[in-house]
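Residue strings, one per chain:
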Amino acid sequence: MDLAATVDSLMDRLTADLAKLAEIPSIAFPGYPESEVHRAHDLLVELLRDAGVEHIERIDLPDTSPVIYAEIPPPTPDAPTVLLYGHYDVQPPGDESLWKSAPFEPTPIEGGLRARGIADDKSNVMAHIGMLRAYGGRPPTGIKIVLEGQEEYGSAFDDYPPTDARRFACDAMVIADMGNLRPGTPTLTTGLRGVAEVVVEVRTLAEARHSGEFGGAAPDALLALIQALASLHDPAGDVTVEGLRREPWDGASYTEEEFRSLATVRDGMPLIGTGSLGERLWSGPAVTVIGMDTPTVDGAASAVVPYARAKLNLRVHPLQDPKEATDALVRHLREHKPFGIELTVTPSDAGPGFEPATDGPAYRAARTALREGWGEEAQFAASGGSIPLVNGLAKAVPQAEVLLFGAQDSMCNLHAPNERVLFSELRGAVIAEAAFLREYAAGFRAAGGGGGAR
Ligand SMILES: [Zn+2]
């Protein structure tokens, strides 16, 4: 079959169904109506059934939106099984006055649609459905579909897969909560940084004291904190904390111009750090001060500040244990002692990064498939965000190859105002996923099947 022509003939209906799904404000955060999340769930169950999927269940976990679980058995005993992941909940829209159109009224833009969640991750959910339609509900591999309803807020599902490992058994998985480095550049995401947070506090006086009478000798908590924070980077902006892993990045990356535009860096403003952008963003550490408790400028009294604290967000190399990285940051801050003042440093939650093996048959099939989807060689890139469930799935099915690609792109404004999806990206993702299943099944059969996790 001519896959591209088949997918082209499906696009009108697929984008109409995507718009229908994106109209539903399926926000699984406290304070938003659960009924909308259930409405998105029900619509997807209907679309899956309509696409030929007979076996559909729901996984119900405490305080967690229902997870859709569906299966299509392998067409022949020597066919592999592929797990397809996506999520149907979305981020809250944020400040609606920053949107050019109402966030839950999908609105046409040049070559696509604008709405909250339409890229992250409803585009990828619809890519799975598009693939099923392209094959008339009978894809060339066994299929397991996992569509989560509370990814953005987090839920008990993150840790669930290892407790029910047989259910998730497969030979390869496509984690479709991802997309391309830029529109039209097919991208396999082969690294996710780990994350940790640390709070650092300084108490120097019982209360504030007149800066005229005491300033100059009284230990200033805010100055101490600023000195400690300043010690985290060298003059070029590279992280100085010892024990944080940093390696050259050998995959693709943004151009400096793309990065400046994506990060909204003002004209004439230098970037910080040295080395390639890939190394600074993905295979090296980053420390960001994300909050500080200090007197505000408008409310400032002429007084020595007795207490200050800051929250730091640490991003680490995909393969560094985030505990080990947190310990390194805590040690640095405790040993720093600005003016001889001891700081109280408290680590909080840490989440591991992820780096899949890329030398197996699923990766070979995916490179061919992504070229077919977008007409160019696939690139390897990484992403700064973490996907906790990926680690849960990889723990449940350690032998399975894990592929991260999809219909989003770095310019789609996910989690930001004016999120959008491009139809060219959705089309590419449907073709790539369908071609991947075909290529992977053929390779699997040629290798005599087996060797998989089923
Ligand atoms: Zn997402």
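Quantities reported herein were computed from a predicted structural model and do not represent experimental measurements.

Q: Could you clarify how one ought to interpret the overall build of the protein in this entry?
A: Along the protein, the regular secondary structure elements total twelve helices and 19 strands. Its C-alpha radius of gyration of 24 Å places the protein within 12% of the 22 Å reference for a compact globule of 454 residues. Put simply, the protein has 454 residues, and 55% of those count as buried. Here the analysis covers contacts within the protein between residues at least 6 apart in sequence; of these, 81% occur between residues at least 24 apart. When the accessible area of the protein is evaluated, it comes to approximately 19,700 Å², of which 50% is carbon and sulfur surface. Within the protein, one finds 39 positive and 65 negative side-chain charges whose respective centroids are separated by 2 Å.

Q: Sorry if this is basic, but what is going on with the side chain of Q408 here?
A: Structurally, Q408 is set in strand β18 (residues 408-409). Taking the relative accessible area as the measure of exposure, Q408 reaches 5% and is therefore buried. Reaching out from Q408, the side chain makes a polar contact with the side chain of D121 at a distance of 3.1 Å.

Q: Got a minute to help me understand the coordination of the zinc ion in this structure?
A: Six octahedral donors around a metal ideally make angles of 90 or 180 degrees; four tetrahedral donors ideally make 109.5 degrees. On the protein side, the zinc ion has H87 (NE2), D120 (OD), D177 (OD) and D177 (OD) as donor atoms, found 1.9 to 2.6 Å from it. Around the zinc ion sit four donor atoms, and with donor-metal-donor angles ranging over 52 to 145° the site reads as irregular. Within one chain, the residues donating to the zinc ion are spaced in sequence as H-x32-D-x56-D. With a gap of 33 residues between them, H87 in strand β3 (residues 81-87) and D120 in the loop between β5 (112-114) and α3 (122-134) connect regions that are remote in the sequence. On the basis of relative accessible area, D120 is assigned to the buried category, the value being 5%.

Q: Is there a simple way to explain the packing of helix α1 (residues 3-22) against α3 in this structure?
A: Relative to each other, α1 and α3 sit at 140°, their axes nearing to 10 Å. Comparing the axis directions of α1 and α3 gives the class oblique. At the point where α1 passes α3, the crossing takes the right-handed sense. Residue-level inspection shows T6, V7, L10, R13, L14, D17, L18, L21 and A22 of α1 in contact with α3, the latter providing K122, S123, V125, M126, G130, R133 and A134. Among the residues forming the contact of α1 with α3, the class breakdown is nine nonpolar, three polar and four charged.

Q: Honestly, the packing of aromatic side chains in this entry has me stumped. Any pointers?
A: Aromatic ring pairs are described here by two measures, namely the spacing of the ring centres and the angle between the planes. Throughout the structure, instances matching the rule amount to eleven aromatic pairs. Between Y69 and F168 the ring centres are 6.5 Å apart and the planes differ by 80°, which places this aromatic pair in the edge-to-face class. Pair noted here: Y69 is in strand β2 (residues 67-72) and F168 is in helix α4 (residues 165-168), with a separation of 99 residues, a long-range link. Just as Y69 is buried, F168 falls in that class too. Ring pairing ties together the aromatic residues Y69, F157, Y160 and F168, which thus form one cluster.

Q: What am I meant to see in the nonpolar core here?
A: Side chains of nonpolar character tend, in soluble globular proteins, to be buried together. Membership of the largest hydrophobic core comes to 71 residues, with the highest contact counts inside it found for L44, L48, L188, L403 and F436. In terms of residues, this core owes the most to one element, helix α12 (residues 423-446), which gives eleven residues. Those residues in contact with L48, other than ones at most four positions away along the chain, are V53, I56, I68, A70, I129, L132, I145 and L147. Of all hydrophobic cores here, the second largest spans 29 residues; its members include V241, V316, L333 and L343.

Q: When you look at the sheet that holds β2 in this model, what are you seeing that I'm missing?
A: One key point about sheets: their strands pair by backbone hydrogen bonds, in either a parallel or an antiparallel sense. Here six strands make up an open sheet; going across it, the order is β1-β2-β6-β3-β7-β17 and the pairing mixed. Among the strands making up the open sheet, the edge pair consists of β1 (55-59) and β17 (401-404). Mean inter-strand twist for the sheet, computed between neighbouring axes without regard to direction, equals 20°. The pairing of β2 with strand β6 (residues 142-148) spans five bridges and is antiparallel. Opposite I72, over in β6, you have I143 as the bridge partner. Packing against the sheet, helix α2 (residues 34-50) makes contact with β1, β2 and β6, and its axis sits at approximately 5° to β2.

Q: Help me understand the sheet that holds β5 in this model?
A: Read from one edge to the other, the open sheet built from three strands follows the order β4-β5-β19, with strand pairing classed as antiparallel. The two strands at the open ends of the sheet, each matched to only one other strand, are β4 (107-109) and β19 (420-422). Strand-to-strand twist of the sheet, defined as the mean angle between neighbouring strand axes without regard to direction, takes the value 25°. Sheet topology places β4 next to β5; three bridges connect them, and they run antiparallel. Bridging from a neighbouring strand, T107 pairs with R114 of β5. Sheet strands in contact with α12 are β5 and β19, and its direction is about 60° off that of β19.

Q: Sorry, what's going on with the pairing of β2 here?
A: The two faces of the sheet receive side chains in turn, since in a regular strand these alternate between them. Burial analysis of β2 places five of its six residues in the buried class, the great majority of the element. Pairing of β1 with β2 involves five bridges; the strand directions are antiparallel. Bridged to R58 within β2 is I68.

Q: In this structure, what is going on with a nonpolar patch on the surface? I would like to understand it.
A: Nonpolar side chains collect at one region of the surface, where I226, V289 and M292 lie side by side and expose about 240 Å² of accessible area between them. Here I226 is to be found in helix α6 (residues 221-230). Given a relative accessible area of 42%, I226 falls into the partly exposed group.

Q: Would you mind going over the packing of α1 against α12 with me for this structure?
A: Each pair of packed helices can be summarised by the angle the axes make with each other and by the distance between the axes. Two elements in contact, α1 and α12, have axes separated by 10 Å at closest approach and are oriented at 125°. Judged by the inter-axis angle, α1 sits oblique to α12. Judged by the twist between their axes, the crossing of α1 over α12 is right-handed. Across the interface between the two elements, L3, A4, V7, D8, M11, L14, T15 and L18 from α1 touch F423, L426, R427, V430, I431, A434, A435 and R438 from α12.

Criteria and thresholds
- Residues numbered from 1 in each chain as written.
- Predicted model: local features only at pLDDT ≥ 70, side-chain atom pairs only at ≥ 80, totals over all residues.
- Heavy atoms only, no water.
- Helix = DSSP H or I, 4+ residues; strand = E, 2+ residues; numbered from the N terminus.
- Rg over C-alpha atoms; globule rule 2.2 N^0.38 Å.
- Buried < 20%, exposed > 50% of the residue type's maximum accessible area, 1.4 Å probe, protein only.
- Contact = heavy atoms within 4.5 Å.
- Areas by Shrake-Rupley, 256 points an atom, 1.4 Å probe, with all protein chains shown as cover.
- Lys, Arg positive; Asp, Glu negative; His and termini not counted.
- Charge placed at Lys NZ, Arg CZ, Asp CG, Glu CD.
- Polar contact = N/O pair within 3.5 Å; in protein donor to acceptor, adjacent residues only side chain to side chain.
- Donors = N, O, S within 2.8 Å, 3.2 Å for Na, K, Ca; no water.
- Tetrahedral: all angles 85-135°; square planar, octahedral: opposite > 155°, others 65-115°.
- Axes fitted to C-alpha atoms, helices over the stretch in contact; angles between N-to-C directions.
- Parallel < 35°, antiparallel > 145°, perpendicular 65-115°, else oblique.
- Left-handed = near helix turned anticlockwise from the far one by under 90°.
- Nonpolar A, V, L, I, M, F, W, Y, C, P; charged D, E, K, R; others polar.
- Phe/Tyr/Trp six-rings, centres within 6.5 Å; stacked < 30°, edge-to-face > 60°.
- Core = buried A, V, L, I, M, F, W, Y, C linked by side-chain atoms within 4.5 Å.
- Pairing = 2+ DSSP bridges.
- Patch = residues over 30% accessible without salt bridge, like charges linked within 9 Å, V, L, I, M, F, W, Y side chains within 5 Å.
- Salt bridge = Lys/Arg side-chain N within 4 Å of Asp/Glu carboxyl O.

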